[in-house]
Amino acid sequence: MTTIQWEEAAPGVWRSTIGHPQTLSPLAFMGAEPRREQLRTMPHSEVPGLMDNIGAERLPCGGYMLELPLEEQEKLYGTGLQFMRMNQRGKTRYMRVNSDPKQDTGETHAPVPFYASDKGYGLLVDTSHIVTMFLGSTMKQEHTRTEDVRDRNRDKGWRATLPSSRIEIKLPAEGAHLYLFGGPALADVICRYNLYCGGGALPPRWGLGFWHRVPTLYRDEEVMEEALEFRRREFPCDVIGLEPGWHSRSYPVTYEWDGERFPQPEAFIREMKENGFRINLWEHPYVAPEGELYEKLSSLSGNYSVWGGLAPDYVMPEARTHYMKQHEKRHVALGVSGYKHDECDGSELTNNSWMFPAHARFPSGLNGETVRQLYGLMFQKMGDELFRKANRRTYGLVRASNAAASPMPYVLYSDLYDHKQFIRALCNASFSGLLWTPEVRRAQNAEDWIRRMQTVCFSPLAMLNAWGDGTKPWSFPEAEPVIRHYIQLRMRLLPYLYTAFAQYRETGLPPFRAMPLVMSEEERAAAEKRHAMKEVSVLNTTDAAYGRSAVNAWDDQYMVGDDLLIAPLVAGESERKVLLPSGSWLELETGERHEGRAVVQVRPGLERLPIYVREGAVIPMMPALSHVPASGEKVPLTFVHFGSKPGQCLIYDDDGESFDYESGNCKWRKVVVEMREDGSFQGELEDGNTPFHSYSGVQWQLGQTVLAKD
Ligand code: GAL
């Protein structure tokens, strides 16, 4: 093993070159532009002790092995969109893009070769090759201690994986750049990673409204009819998604409108817009022979087809130009708001295998393996650029991703459907610069329906995907009022949500945050100890590091922004434990008060999603409109202050739709709530008289113990 040499790449970020990096990497392909100014403002961070202990070795079979030390209680987070666990310590992560991540191998729609340690550092292997991360799951013979070798039949302490004090990373390539991100806190590591990739995504405001995807073969009038039903029933809705049936042919696709179902797409899109709906189009990468793009792209594609269609090589600038020109003319110019880039991941399920093989050859010189690793990024980059050219922001869906995706306005989704896994994925996405939607499609019963809808309303993209099931938010009549309530609550919280995303863009701190980004290990341990949770036994440290089942991983609750904590339930549960960080907390809609740095047991009814607001928080809110107002249409803004402590917040505002904020056309304003001598509260807005772009006037609700009805 040779010790790796590091050089500072940006404040708190170090870079090293292993061997000869040859293949296009995610950072290079995405053209990541580090936010150096922002990185400079972060707390000082050093990882010198660690640097001296990172080694690399050229393997006789080709490629490299990297080695890093692990402390006994160290926990490791990230590695992309993982569904099965939060702490990856003790696991081997095979980081391949795969649309069927049904087993805990590390394969997923968005494997990101980046992990962050709670010891305050993170490591990115910037490669489009499939790395394998052995996160404390290997034991060299020379390190094996005989006393750790137990008898499986007689010794309950037997473990398949012996506790290991090293991380090994196998890089099957001639080289790569490595990046080390400093802390000191875990959240700082994540912020640095996101800022180095270019900062977080800022969606258009309408993207944060409710989304509904209609069944595949709907025609224009059916789409309009279903959309208007949202208005009649007073369910807010901003985006209608069209599934494969809008194409003249799909699987493979033409990217052209079906003349029968959508004879006048431009008029249809205009009419939808007049009613406050944006249109999002489903598509996948594989180009149908009868499509106008086929001929142009055939020499710019791989040598294997998928579903009979071309698999274009969008590393080639010419291929990107053809795709973008066609999309600009046929969709963007007509008013389409964005895309759902499906099936850029690939599957090898026995009964359904589709994707070009790893040995496929592409004109750029990449092979099938690396194109598959980068395919999701290619569509995100093209989608973003397409709308950037028109100075319109987009927000869309994508089914595959990789490193360097944090600035991309795209949200991941899956055909998997386990509600608990969906919540865990929401948490885990926050460690890897990803956004995830726990989309709702169908339910076994009204309870399942309500619980899933409650979760999705507090996620980066609130969507019902009815493409195959034909469901509507009101599909379970008895659940209709509860679902309406949560979709409306999301709309009321829009100014708060939008500000949380703006904070993501500026500071790299994710809008939706897993608990380890909010609470230190010590704080969590103290909270658990205080709870009368006898069943959470005092933990064996090795078990704790390995995330064994005796330990509550708290991968079922998360923060939205700085002040709201969401603790969803899934069907079949009537109570749950909630881990509350320091401070005092109020249940948003019942006013129930809890002291923090504690675990509380709650029993909300089915109609209630437990949402906790921090005492002293000031939450900017607006009315539950039918859809998000267009740029320049002003609505009243209310600052709701909770509890009996003074507090403050920031509110972000811009035109909500264009990229003008990048040239400074935006405003952060500070809001302060102080206590007067007589104990009453007074709220003040910095630059009180400056008008907002999006809000007409400001109202105050101070010292609230519970959120008032709209
Ligand atoms: C799947 C996708 C679904 C739906 C379907 C349409 O790949 O995950 O959400 O879009 O394709 O065929």
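It should be emphasised that the depicted structure is a prediction, and the values quoted were computed from it without experimental measurement.

1. So, the sheet that holds strand S20 (residues 410-412)
One open sheet accounts for 7 strands, arranged S20-S19-S16-S15-S14-S13-S21; its pairing is parallel. The open sheet is flanked by S20 and strand S21 (462-465), the only strands paired with a single partner. Each strand of the sheet is rotated relative to its neighbour by a mean of 25 degrees, with strand direction disregarded. The pairing of strand S19 (residues 396-398) with S20 spans 3 bridges and is parallel.

2. Quick notes on the pattern of salt bridges
Considering all chains together, one arrives at 56 salt bridges under this definition. When the shortest N-O distance is used, the salt bridge between Lys75 and Glu521 registers 3.4 Å. Taken as a pair, Lys75 in the loop between strand S5 (64-69) and strand S6 (76-78) and Glu521 in helix H14 (residues 521-530) lie far apart in primary sequence, 446 residues in all. A relative accessible area of 7% places Lys75 in the buried class. With its nearest N and O atoms 2.7 Å apart, the salt bridge here joins Arg249 to Glu290. Residue Arg249 is found in the loop between strand S14 (239-242) and helix H6 (265-274), and its partner Glu290 is found in the loop between strand S15 (278-283) and helix H7 (293-298); the two are separated by 41 residues along the sequence. A relative accessible area of 36% means that Arg249 is categorised as partly exposed.

3. Concerning the environment of Ser401
Tracing the chain through its elements places Ser401 in the loop between S19 and S20. A polar atom in the side chain of Ser401 sits 3.0 Å from the side chain of Gln380.

4. A look at the domain arrangement of the chain
Taken as a whole, the chain is organised into domain 1 (2-196) and domain 2 (205-507). For domain 1 versus domain 2, the distance between C-alpha centres works out to 30 Å. Taken together, the contact pairs 43 residues of domain 1 with 47 residues of domain 2. Of the roughly 3900 Å² buried between domain 1 and domain 2, counting both surfaces, carbon and sulfur atoms make up 62%. Looking at the side of domain 1 facing domain 2, the largest losses of area belong to Phe29, Met30 and Phe83, adding up to 18% of the total buried there. Counting across the interface, domain 1 meets domain 2 through 2 salt bridges. Measuring nitrogen to oxygen at the nearest pair gives 2.8 Å for the salt bridge that ties Arg96 to Glu348. Inspection of the region where domain 1 meets domain 2 yields 20 residue pairs in polar contact (both at pLDDT 80 or more).

5. Section: the nonpolar core
Counting 181 residues, the largest nonpolar core has Ile240, Leu242, Tyr375 and Phe458 as its most contacted members. Here this core spans two domains, since at least three of its residues come from each of domain 1 (2-196) and domain 2 (205-507). Here Leu242 is in contact with Arg213, Val214, Val223, Trp257, Phe262, Phe268, Ile279, Asn280, Leu281 and Trp282, once residues within four sequence places are set aside. Counting 29 residues, the second largest nonpolar core, distinct from the first, contains Ile4, Val47, Leu76 and Ala173.

6. Thoughts on the site of the ligand
Every residue lining the ligand is accounted for by Glu243, Pro244, Tyr251, Trp282, Lys340, Asp342, Glu343, Arg399, Tyr413, Asp415, Asn465 and Trp467. For the ligand, an oxygen atom lies 2.8 Å from a polar atom in the side chain of Tyr251. For the shell around the ligand, the residue count by class is 5 nonpolar, 1 polar and 6 charged.

7. Description of the side chain of Arg192
By the element assignment, Arg192 lies in helix H4 (residues 186-196). Only 2.7 Å separates the side chain of Arg192 from the backbone oxygen of Gly183, close enough to count as a polar contact. When residues no more than four places from it in sequence are discounted, the contact partners of Arg192 are Pro11, Gly12, Val13, Leu39, Met42, Pro43, His44, Ser45, Phe181, Gly182 and Gly183.

8. What about the packing of H4 against helix H13 (residues 494-507)?
Here H4 crosses H13 at 75 degrees, and the two axes come no closer than 8 Å. It follows that H4 is roughly perpendicular to H13 by the angle criterion. Listed contacts from H13 to Cys191, Asn194 and Leu195 of H4 are Tyr504, Arg505, Glu506 and Thr507. Within the contact of H4 with H13, the residues separate by chemical class into 3 nonpolar, 2 polar and 2 charged.

9. Describing the sheet that holds strand S22 (residues 512-514)
Pairing is antiparallel across the open sheet formed by 6 strands, whose spatial order is S22-S23-S24-S29-S26-S27. Of all strands in the sheet, those with a lone pairing partner are S22 and strand S27 (593-595), marking the two edges. For this sheet the average axis-to-axis angle between neighbouring strands, irrespective of direction, equals 30 degrees. As paired strands, strand S26 (residues 584-587) and S27 are joined by 3 bridges and run antiparallel to one another.

10. Focus: the pairing of strand S4 (residues 55-58)
Two faces make up the sheet, and in a regular strand the side chains alternate between them. Bridge count for strand S1 (residues 2-3) against S4 is 2 bridges, and the pairing is antiparallel. Counted as the bridge partner of Thr3 is Gly55 from S4. Pairing geometry for S4 and S5, over 4 bridges, is antiparallel. For Glu57, the partnering residue across the bridge sits in S5 and is Met65.

11. Digging into helix H5 (residues 220-232)
Under the 1.5 Å per step criterion, the end-to-end length of H5 is 18 Å for 13 residues, consistent within 8% with the ideal 18 Å. Every buried residue of H5 is listed here: Asp220, Val223, Met224, Glu226, Ala227, Phe230 and Arg231. Across the axial projection of H5, the buried residues extend over an arc of 165 degrees, all falling on one side. Contacts made by the buried residues of H5 are with strand S13 (210-213), S14 and H6. Two residues or fewer after H5 comes Glu234, characterised by a positive phi angle close to 60 degrees.

Here is what the cut-offs are and how they apply
- In every chain, residue numbers begin from 1 and rise along the written sequence.
- This being a predicted model, a pLDDT of at least 70 is required before a residue's local features are given, and a value of 80 or more before pairs of side-chain atoms are given or counted; all residues contribute to the totals for chains, interfaces and linings.
- With hydrogens and water set aside, each side-chain value is computed from the structure's full complement of heavy atoms.
- Two strands qualify as a pair provided that DSSP identifies no fewer than 2 bridges between them.
- Numbering of helices and strands runs from the N terminus, with a helix taken as a DSSP run of H or I at least four residues long and a strand as a DSSP run of E at least two residues long.
- Comment: axis = line fitted to C-alpha atoms, over the contacting stretch for helices; angle = value between 0 and 180 degrees taken between N-to-C directions.
- Whenever Lys or Arg places a side-chain nitrogen within 4 Å of a carboxyl oxygen from Asp or Glu, that contact is recorded as a salt bridge.
- A 1.4 Å probe rolled over the protein chains alone gives each residue an accessible area, and that area as a share of the maximum for its type sets the label: buried under 20%, exposed over 50%, partly exposed in between.
- Throughout this description, a polar contact denotes any pair of N or O atoms lying within 3.5 Å of each other; where both atoms belong to protein, one of them has to be capable of donating a hydrogen while the other can accept it, and for residues adjacent in sequence the pair is counted only when both atoms sit in side chains.
- Domain start and stop positions are those given by an automatic or database domain assignment.
- Contact criterion: two residues are considered in contact whenever any of their non-hydrogen atoms come within 4.5 Å of each other.
- By buried area we mean how much accessible surface two parts lose on assembly, using a 1.4 Å probe and totalling the loss over both.
- Among buried residues, those of type Ala, Val, Leu, Ile, Met, Phe, Trp, Tyr and Cys that are joined through side-chain atoms within 4.5 Å constitute a nonpolar core.
- Each residue is tested against the molecule or strand, and it is near if at least one of its non-hydrogen atoms lies within 4 Å.
- Three classes are used, and their members are as follows: Ala, Val, Leu, Ile, Met, Phe, Trp, Tyr, Cys and Pro are nonpolar, Asp, Glu, Lys and Arg are charged, and the others, Gly among them, are polar.
- Reported orientations rely on four angle classes, namely roughly parallel under 35 degrees, roughly antiparallel over 145, roughly perpendicular from 65 to 115, and oblique for the rest.
- Helix span, expected: 1.5 Å multiplied by one less than the number of residues in the helix.
- It is the directions from the helix axis to the C-beta atoms whose arc is reported.

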